[in-house]
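Residue-level structure breakdown
Given next are the chains, with one letter for each unit.
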Amino acid sequence: LNETALKEDLKFYFMNPCEKYRARRQIPWKLALQILKILMVTTQLIFFGLSNQLVVSFKEENTIAFKHLFLKGYSGVDEDDYSCSIYTQQHAYDSIFYVINQYKELKNISLGTLGYEHEGSGLKICKQQYKKGTMLPSSDTLNIDVSTETECIFFKPQELAGKKAELKLNSSFFNLEFYRLIQVEISFKLKGIALQTIHARELPDCYAFQNTITFNNRAHSGKIKIYFDSDTDIQECKDWHVFGSVLQKNTQYILAFDGFVILSCFASLILCTRSIVLALRLQKRFVNYFFEKYKRHVCHADRLEFINGWYVLVIISDVMTIIGSILKMEIKAKNLTSYDVCSILLGTSTLLVWVGVIRYLGYFQTYNVLILTMQASLPKVLRFCCCAGMIYLGYTFCGWIVLGPYHEKFEDLNTVAECLFSLVNGDDMFATFAQIQQKSTLVWVFSRLYLYSFISLFIYMILSLFIALITDSYDTIKKYQESGFPVTDLHEFLKDHGSVGYRKERTSVPFICCC
């Protein structure tokens, strides 16, 4: 009697939702809830994405506006990883004083909703230079102390129009000795308000822009690179009043929808956690019974049959959605500004939700091939990638140290790794060959041997073997589907057990199961 009850429970556990309904008239609540959750989570993500687009565009447009406002002669396009460059001492002085003057006249020239942070803030200028020394390039003479010193000067917004600021501007601080100057850094903080969100029926955000302009003369090559960096921080508006019932109602509707998403995910979390707990109990019953009857332990593969990885995936997705939805509600109510954390949580949870759809497609044999092939090939693919990764790292380090001084794509390790990965995928090959500088014949010849060997090895051999591993697993799964999968102890235990006790007339089947 105990064996029959155990077999019936095991048989029922491994049924799909529609078979469970036909066997015990158990309504597939989890299936219906997951379908509803997919629609709700995706809708929520779209709403948040549209709102986040406004934030991103406001940041980017303000950064472009700052470059045009504070960088003299800015063309509108960055030269490389820096914004622009200067080549004479006069241009250096003009560019520095141009920033100061533009900061002073900000309210009169800016088109945006910008202002100074507060009365205590202002413009800070620091110069870093080597200590005193002499340099005579014509006679190859150098006498310099390589230890550095930093001097700073500070301008408050209200001081810039007075005599105190004029005295500072005429001080010896601005007598730059370029042969020992390392860099000049100008930093200031501005505040702004994004009003475009009102047109999208959202409450406005308040922003703080920490801007830094760096005149980089570390190379002492006759070219000073000017870098502009703007660190944007979204802050809570301390005192705001927005009138209009449409804005308030729209915010309330979205908050109510987010609350409903949280309830749905919480219900899904409870159901999936309950299923895992029941599965572990059933596993324990089977393991104990099997040991008592056959005097041997159940294999590891059969134990894993009880752990439904899809439920674990759903639980992780639900937890991330609940946390992300709470953050989104706080952001919508303007109590928090953690856009990045919220976007990571909601984006990852939506990804996991859509990946979870594969579980229900897996009930059909024709759609189950992808899942089974991935499961079968994953261990072999991981072992293969470990071996191929060693060769890849070797090429990465070699290319960085040899080709780095002669090719911009090999200047640092991260860029080298990205360049080689693009070559494996057949991207940008000609440009990689053509951009190598021909200053050294030996390095040029080595670059050809390096690139040809890497491309030949990875595309014609390693990539082909990688595909062959997956193809072999696919062929194995197809054979199993035709002739049957290998029988384990669990399958053997259930093989002789029929499902007569569960079969009922197939009437009033739910619409989901009909589909």
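Small disclaimer: the values here were computed from a predicted structure and weren't measured.

UniProt annotation of "transmembrane region" (unreviewed entry) refers to residues 253–282, 303–326, 338–361, 381–403 and 449–470 when read in the numbering used here. When the span residues 253–282 is considered, its composition is 100% helix and 0% strand, and the gap between its end C-alpha atoms is 44 Å. The span residues 338–361 carries 96% helix and 0% strand; its end-to-end C-alpha distance comes to 36 Å.

Time to look at the state of the cysteines. Counted by the stated rule, this structure contains one disulfide. The partner cysteine of cysteine 126 in its disulfide is cysteine 152, sulfur to sulfur 2.0 Å. As the torsion about the S-S bond is roughly 110°, the cysteine 126-cysteine 152 disulfide counts as right-handed. Highlighted residues: cysteine 126 in strand β3 (residues 123–136) and cysteine 152 in strand β4 (residues 141–155), separated in sequence by 26 residues. Overall, the relative accessible area of 14% leaves cysteine 126 in the buried class. Residue cysteine 152 is classed as partly exposed on the basis of its relative accessible area of 43%. No disulfide involves cysteine 387; its sulfur sits 6.8 Å from the nearest other cysteine sulfur, which is in cysteine 386.

So, about the packing of aromatic side chains. Under the definition given, this model contains 25 aromatic pairs. Ring centres of phenylalanine 410 and tyrosine 450 lie 6.1 Å apart, and the angle between their planes is 75°; this geometry places the pair in the edge-to-face category. Placement of the pair is phenylalanine 410 in the loop between α11 (369–403) and α12 (413–424) and tyrosine 450 in helix α14 (residues 441–483), with a sequence separation of 40 residues. Classification of phenylalanine 410 as buried rests on a relative accessible area of 0%. Overall, the relative accessible area of 4% leaves tyrosine 450 in the buried class. Here the aromatic cluster, defined as three or more aromatic residues joined through ring pairs, consists of Phe58, Phe66, Phe70, Tyr103, Tyr116, Phe188, Tyr207, Phe209 and Phe228. Geometry around phenylalanine 173 places lysine 127 over its ring, the cationic atom sitting 4.9 Å from the centre. One Lys or Arg, lysine 168, reaches over the ring of phenylalanine 155 and ends 5.6 Å from the middle of that ring.

A cluster of like negative charges, contributed by Glu79, Asp80, Asp81, Glu408, Glu411, Asp412 and Glu418, occupies part of the molecular surface. You can see glutamate 418 is positioned in helix α12.

This part takes up the nonpolar core. Residues Phe70, Ile125, Phe155, Ile186, Phe188, Ile213 and Phe215 are the most contacted members of the largest nonpolar core, which totals 51 residues. Each of domain 1 (3–52 + 247–363) and domain 2 (71–135 + 142–239) contributes no fewer than three residues to this core. The residues touching isoleucine 125, leaving out its near neighbours within four places in the chain, are Ile100, Glu151, Cys152, Ile153, Phe155, Phe173, Phe174, Val184, Glu185 and Ile186. Membership of the second largest hydrophobic core comes to 20 residues, among which are Tyr395, Ile436, Tyr450 and Leu451.

Attention now moves to the side chain of asparagine 216. Counting through the fold element by element, asparagine 216 comes out in strand β6 (residues 205–216). Reaching out from asparagine 216, the side chain makes a polar contact with the backbone nitrogen of arginine 218 at a distance of 3.0 Å. Apart from the residues lying within four places of it in its own chain, the contact partners of asparagine 216 are Ile182, Gln183, Lys223, Ile224, Lys225 and Tyr227.

What follows concerns helix α10 (residues 339–361). Every α-helix carries 3.6 residues per turn, so stepping three or four residues along brings you back to the same face. For α10, built from 23 residues, the straight-helix expectation of 33 Å at 1.5 Å per residue is met to within 8% by its first-to-last C-alpha distance of 34 Å. On its buried side, α10 packs onto α3 (29–70), β6, β7 (224–235) and α9 (309–332).

The next subject is the pattern of salt bridges. In the structure shown here, the tally under the stated rule is seven salt bridges. Linking aspartate 258 and lysine 328 is a salt bridge whose minimum nitrogen-to-oxygen distance equals 3.0 Å. One end of the pair, aspartate 258, is in helix α7 (residues 245–294); the other, lysine 328, is in helix α9, and 70 residues separate them in sequence. The class for aspartate 258 is buried, based on a relative accessible area of 0%. By relative accessible area, lysine 328 is classed as buried at 6%. Close ionic contact of aspartate 428 with lysine 409 constitutes a salt bridge, the shortest N to O distance being 2.2 Å. Taken together, the residues aspartate 428 in the loop between α12 and α13 (429–434) and lysine 409 in the loop between α11 and α12 connect sequence positions 19 residues apart.

Our focus in this paragraph is α14. Along its 43 residues, α14 runs 62 Å from first to last C-alpha, staying within 8% of the 63 Å computed at 1.5 Å per residue. Considering bend angle alone, the principal kink of α14 is centred on phenylalanine 458 and spans about 35°. By the burial criterion, the buried members of α14 are Val443, Ser447, Arg448, Tyr450, Leu451, Phe454, Ile455, Phe458, Ile462, Ser473, Ile477 and Gln481.

We now examine the packing of α3 against α9. One can describe the packing of α3 onto α9 by two numbers: an axis separation of 12 Å at closest approach and a directional angle of 40°. Between α3 and α9 the crossing geometry is left-handed. Contacts between α3 and α9 involve Lys30, Gln34, Lys37, Val41, Gln44 and Phe48 from the first element and Tyr311, Val314, Asp318, Thr321, Ser325 and Lys328 from the second. A per-class count over the contact of α3 with α9 returns four nonpolar, four polar and four charged.

Overall, the predicted model of the protein chain reaches an average pLDDT of 82, with 89% of residues at or above 70. Considering each helix and strand of the protein chain separately, the mean pLDDT is smallest for helix α16 (residues 511–514), with a value of 46, and largest for helix α4 (residues 89–104), with 91.

What follows covers the environment of lysine 20. For lysine 20, the position within the fold is in helix α2 (residues 17–24). Given the relative accessible area of 15%, lysine 20 is considered buried. Each residue touching lysine 20, except ones within four places of it in the same chain, is listed here: Phe12, Tyr13, Met15, Arg25 and Gln26.

One non-glycine residue, histidine 220, adopts positive backbone phi at about 50°. Of note, histidine 220 is situated in the loop between β6 and β7. With relative accessibility at 31%, the residue histidine 220 sits in the partly exposed group. Unlike most non-glycine residues, aspartate 428 shows phi in positive territory, near 60°. Aspartate 428 gets classed as partly exposed once you look at its relative accessible area, which sits at 36%.

Here we come to the pairing of β4. Judged from the 13 bridges that link them, β3 and β4 form a sheet pairing that is antiparallel. The residue bridging isoleucine 125 from the neighbouring strand is isoleucine 153, located in β4. Taking the residues that link successive antiparallel strands as the turn, the β3-β4 hairpin has four residues, and the phi of aspartate 140 there is positive, at about 55°.

Reading the values: rules and limits
Residues numbered from 1 in each chain as written. Predicted model: local features only at pLDDT ≥ 70, side-chain atom pairs only at ≥ 80, totals over all residues. Heavy atoms only, no water. UniProt positions renumbered as here; feature names shortened; annotations may be inferred. Helix = DSSP H or I, 4+ residues; strand = E, 2+ residues; numbered from the N terminus. Disulfide = S-S within 2.5 Å. Buried < 20%, exposed > 50% of the residue type's maximum accessible area, 1.4 Å probe, protein only. Phe/Tyr/Trp six-rings, centres within 6.5 Å; stacked < 30°, edge-to-face > 60°. Lys NZ or Arg CZ within 6 Å of the ring centre and 35° of its normal. Patch = residues over 30% accessible without salt bridge, like charges linked within 9 Å, V, L, I, M, F, W, Y side chains within 5 Å. Areas by Shrake-Rupley, 256 points an atom, 1.4 Å probe, with all protein chains shown as cover. Salt bridge = Lys/Arg side-chain N within 4 Å of Asp/Glu carboxyl O. Lys, Arg positive; Asp, Glu negative; His and termini not counted. Charge placed at Lys NZ, Arg CZ, Asp CG, Glu CD. Core = buried A, V, L, I, M, F, W, Y, C linked by side-chain atoms within 4.5 Å. Domains from an automatic or database assignment. Contact = heavy atoms within 4.5 Å. Polar contact = N/O pair within 3.5 Å; in protein donor to acceptor, adjacent residues only side chain to side chain. Expected span 1.5 Å × (residues − 1). Bend = angle between axes of the 7 residues up to and from the residue. Axes fitted to C-alpha atoms, helices over the stretch in contact; angles between N-to-C directions. Left-handed = near helix turned anticlockwise from the far one by under 90°. Nonpolar A, V, L, I, M, F, W, Y, C, P; charged D, E, K, R; others polar. pLDDT = per-residue confidence, 0-100. Pairing = 2+ DSSP bridges.

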